[in-house]
Amino acid sequence: MSLSGPRILVVEDERAISEPLAKLLAREGFEATVAGTVADALAEFAAHPPELILLDLNLPDGDGRDVAREIRHSSGVPIIMLTARGTETDRIVGLEIGADDYVVKPFSSAEVIARIRAVLRRSEAPSADQGEPVGETVVVGEMRIDPATHRAFLSDNELDLSLKEFDLLYELARNAGNVVSRDELMTRVWDENWFGSTKTLDVHIGWLRRKLADDANKPYWIETVRGVGFRFAGGDGSADS
Ligand code: CA
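The rules we used
Throughout this document, residue positions are counted from 1 along each chain, in the order its sequence is written. A pLDDT threshold of at least 70 governs which residues receive local features in this predicted model, and a stricter bar of 80 or more applies before side-chain atom pairs are shown or counted, although totals over entire chains, interfaces and linings include all residues. Computation of side-chain values covers all heavy atoms of the structure but excludes hydrogens and water. Counting from the N terminus, the helices are the DSSP runs of H or I reaching at least four residues and the strands are the DSSP runs of E reaching at least two. Exposed residues in this analysis have more than 50% of their type's maximum accessible area, buried residues have under 20%, and partly exposed residues fall in between, with area computed by a 1.4 Å probe over protein chains only. In this description, contact between two residues means that some pair of their heavy atoms is separated by no more than 4.5 Å. Computed by Shrake-Rupley with a 1.4 Å probe, the accessible areas treat only the displayed protein chains as cover when residues are assessed. In this description, a donor is an N, O or S atom within 2.8 Å of the metal centre, a cutoff extended to 3.2 Å for sodium, potassium and calcium. Water is not part of the atom list, which can make sites seem incomplete. Throughout, an axis means a line fitted to C-alpha atoms (over the contacting stretch in the case of helices), and angles, computed between N-to-C directions, take values from 0 to 180 degrees. Roughly parallel means an angle under 35 degrees; roughly antiparallel means over 145; roughly perpendicular covers 65 to 115; every other angle is labelled oblique. The hand of a helix crossing depends on one turn: near helix anticlockwise from the far one by less than a right angle means left-handed, and clockwise means right-handed. Residues are grouped as follows: nonpolar covers Ala, Val, Leu, Ile, Met, Phe, Trp, Tyr, Cys and Pro; charged covers Asp, Glu, Lys and Arg; every other residue, Gly included, is treated as polar. Here, any two strands with at least 2 DSSP bridges between them count as paired. Here a salt bridge means any side-chain nitrogen of Lys or Arg lying within 4 Å of a carboxyl oxygen belonging to Asp or Glu. Confidence scores here are pLDDT values: one per residue, from the predictor, ranging 0 to 100.

**What to know about the overall build of the protein chain**
- Across its full length, the protein chain carries 8 helices and 14 strands.
- Burial status across the protein chain gives 39% buried among its 241 residues.
- Residue pairs in contact within the protein chain that sit at least 24 positions apart in sequence constitute 53% of those at least 6 positions apart.
- Carbon and sulfur atoms make up 49% of the accessible area of the protein chain, which totals about 13,600 Å².

Here it is as structure tokens:
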């Protein structure tokens, strides 16, 4: 059995609660530390950043809300509030301090463990709603395009591109040699709900070509495939490659 499960910081001054809670967490495979004051909680948080915090609001040297506010300056660590009553006020306080959930004292072992696991699952889940992961650097001939930093270089000279120009260049270059349809470009660079004229696309392609010193009639980089879309010619200027 692993000795280092997720680290949980219990901020609670009542030993009658914190001691059995710490034992329970250990039994369930967590690594639990207890802090009984605001000062201890902040020191412990700084010394051993936890994966989750169980936070009581009424502490001898201050308010649990101050702990949460301080921590939220630097961290999105999940916080579960330990509240005395499940009142509306407590829920509002919870939202205000950015708590992820709360449990009402006295809570059962099963309840608190279930809440902890649910919150940890949510925080560990791959960010499905943050869109695709950032792609890898694309190198085509003398062109180097890095989506992570949003920078593009041509023969080591950085191109001065707008956001849309960059996105267009990246979409075309990562499909170098293949036609990317107008629809695909519109969807990927603008968005699926974009109902504007595709004239916008042509305008941006025009700007991009100018920055690449490309000639629409004799393209070196971006070739128009009439009625379909555009093809990144891979820098050799050959439409047939
Ligand atoms: Ca208390």
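Next comes the rest of the write-up.
**Here we look at the coordination of the calcium ion**
- The calcium ion binds to the protein through Asp13 (OD), Asp56 (OD) and Asn58 (O); the donor distances cover 2.2 to 2.4 Å.
- Taken in sequence order, the residues that donate to the calcium ion follow the motif D-x42-D-x1-N.
- We classify Asp56 as buried; its relative accessible area is 4%.
- Asn58 sits in the exposed class, given a relative accessible area of 60%.

**As for the packing of helix α6 (residues 163–173) against helix α7 (residues 182–189)**
- One can describe the packing of α6 onto α7 by two numbers: an axis separation of 10 Å at closest approach and a directional angle of 130 degrees. The pairing of α6 with α7 is recorded here as oblique in orientation. α6 and α7 meet at a crossing whose hand is right-handed. On α7, the residues touching Lys164, Asp167, Leu168, Glu171 and Leu172 of α6 are Leu185, Arg188 and Val189.
- Among the residues making up the contact of α6 with α7, the classes are represented as 4 nonpolar, no polar and 4 charged.

**Notes on the sheet that holds strand β2 (residues 31–35)**
- The strand order β2-β1-β3-β6-β7 describes an open sheet built from 5 strands, whose pairing is parallel. Here the strands that pair on one side only, and so sit at the sheet edges, are β2 and β7 (101–104). Between one strand and the next, the sheet's axes are offset by a mean angle of 20 degrees, whatever the strand orientation.
- Bridging between strand β3 (residues 52–56) and strand β6 (residues 79–83) involves 4 bridges; their strand directions are parallel. Counted as the bridge partner of Asp56 is Leu82 from β6.
- Here helix α3 (residues 64–72) sits on the sheet in contact with β3 and β6, set at roughly 155 degrees to β3.

**Some remarks on the pattern of salt bridges**
- In total, this model carries 16 salt bridges according to the counting rule given.
- Note that Arg7 is salt-bridged to Glu31, the shortest N-O span being 3.3 Å. Within this pair, whereas Arg7 is found in strand β1 (residues 7–11), its partner Glu31 is found in strand β2, the two being separated by 24 residues in sequence.
- With a relative accessible area of 27%, Glu31 lands in the partly exposed category.
- Between Arg188 and Glu171 there is a salt bridge whose closest N-O contact spans 2.9 Å. Of this pair, Arg188 sits in helix α7 while Glu171 sits in helix α6, and the two are 17 residues apart along the sequence.
- Look at the salt bridges and you will find they share partners, linking Glu171, Arg174, Glu184 and Arg188 into a network.

**Some thoughts on the pairing of β3**
- β3 sits mainly inside the fold: 5 of its 5 residues count as buried.
- With burial as the criterion, each face of β3 is covered, one bearing Leu52, Leu54 and Asp56 and the other bearing Ile53 and Leu55.
- Where β1 and β3 come together, 4 bridges link them in parallel fashion. Following the sheet pairing, Ile8 is matched in β3 by Leu52.

**Regarding the confidence of the model for the protein chain**
- This prediction gives the protein chain a mean pLDDT of 83; 82% of its residues lie at or above 70.
- Taken as a whole, residues 127–132 scores under 50 in pLDDT and shows 0 contacts with residues more than four places along the chain or in a different chain.
- When the criterion is pLDDT under 50, residues 237–241 qualifies, and its contacts beyond four places in sequence or with other chains add up to 8 contacts.

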